[in-house]
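A closer look at the structure
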Amino acid sequence: VELVESGGDSVQPGGSLRLSCAVTGSISRYKFMGWYRQAPGKQRELVASISGDTTDKTEYSDSVTGRFTISRDNAKKILYLQMNSLKPEDTAVYSCNADLVTNGGERYDVWGRGTQVTVSS
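Along every chain, residues carry numbers that run from 1 in the direction the sequence is written. This being a predicted model, a pLDDT of at least 70 is required before a residue's local features are given, and a value of 80 or more before pairs of side-chain atoms are given or counted; all residues contribute to the totals for chains, interfaces and linings. Side-chain metrics rest on all non-hydrogen atoms present in the structure, leaving aside hydrogens and water.

1. Some words on the nonpolar core
Nonpolar side chains tend toward joint burial in soluble globular proteins. Applied cut-off: Take the buried Ala, Val, Leu, Ile, Met, Phe, Trp, Tyr and Cys residues and link them wherever side-chain atoms come within 4.5 Å; each set so joined is a nonpolar core. Burial classes: relative accessible area under 20% of the type maximum marks a residue as buried, over 50% as exposed, and values in between as partly exposed (1.4 Å probe, protein chains only). Only DSSP runs of H or I reaching four residues or more are called helices, and only runs of E reaching two or more are called strands; each is numbered from the N terminus. Working rule for contacts: check all heavy atoms of both residues, and any pair within 4.5 Å makes them a contact.
Ranked by internal contacts, the top residues of the largest apolar core, which has 29 residues, are Trp35, Leu79, Leu81, Met83 and Tyr94. Those elements that place two or more of their residues in this core are β3 (17-24), β4 (27-38), β5 (45-51), β7 (68-73), β8 (78-83), β9 (92-102) and β11 (115-119). Here this core gets five residues from one element, more than from any other, and that element is β9. Beyond its immediate chain neighbours, meaning those up to four positions away, Met83 contacts Gly15, Ser16, Leu17, Leu19, Arg67, Phe68, Tyr94 and Val117.

2. Here we look at the state of the cysteines
Put simply, the test is: Pairs of cysteine sulfur atoms within 2.5 Å are what we label disulfides.
Under the criterion given, the structure shown has one disulfide. In this model, Cys21 is linked to Cys96 through a disulfide, with the two sulfur atoms separated by 2.0 Å. In this structure, the disulfide formed by Cys21 and Cys96 twists by about 60° around the S-S bond and is classed as right-handed. On the criterion of sequence distance, the pair formed by Cys21 in strand β3 and Cys96 in strand β9 is long-range, its members being 75 residues apart.

3. Description of the pattern of salt bridges
Here is the rule we go by: Salt bridge, as used here, is a side-chain nitrogen of Lys or Arg placed within 4 Å of a carboxyl oxygen of Asp or Glu.
Using the criterion set out here, one finds six salt bridges in the structure. Here Glu59 and Lys57 are joined by a salt bridge, their closest N and O atoms 3.6 Å apart. Its relative accessible area of 45% is what places Glu59 among the partly exposed residues. Put simply, Asp90 and Arg67 hold a salt bridge, and the shortest N to O gap is 2.7 Å. Residue Asp90 is found in the loop between β8 and β9, and its partner Arg67 is found in the loop between β6 (58-60) and β7; the two are separated by 23 residues along the sequence. For Asp90, a relative accessible area of 1% corresponds to the buried category. Look at Arg67 and you get buried, because its relative accessible area is 10%. One network of salt bridges, with partners in common, ties together Arg37, Glu45, Arg67 and Asp90.

Right, here's the structure in full:
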């Protein structure tokens, strides 16, 4: 099982980006999926999460509420993070995380390697 992020880029303040996190492997169900970010010299922060049950309940950190949207395409096995109205303080390495169960019944807590988002004029 592997997670591979993409979509990071350099944008101007006020711009938008959509990050993707592709999941490889035969997945039975997700227990949790989330996007984290870590800026230089700062602790890693959970910015958005989506539940693994059918409710797809989402939660956001205060710093991104109203600007970021997390979603999941179960058929494509991709987790997304739509980021709008980007600010310089959003600059960080963004990583996805999944707590999942494979078709073989194995449970994994998996991290991607991250993708760089830079917001600067």
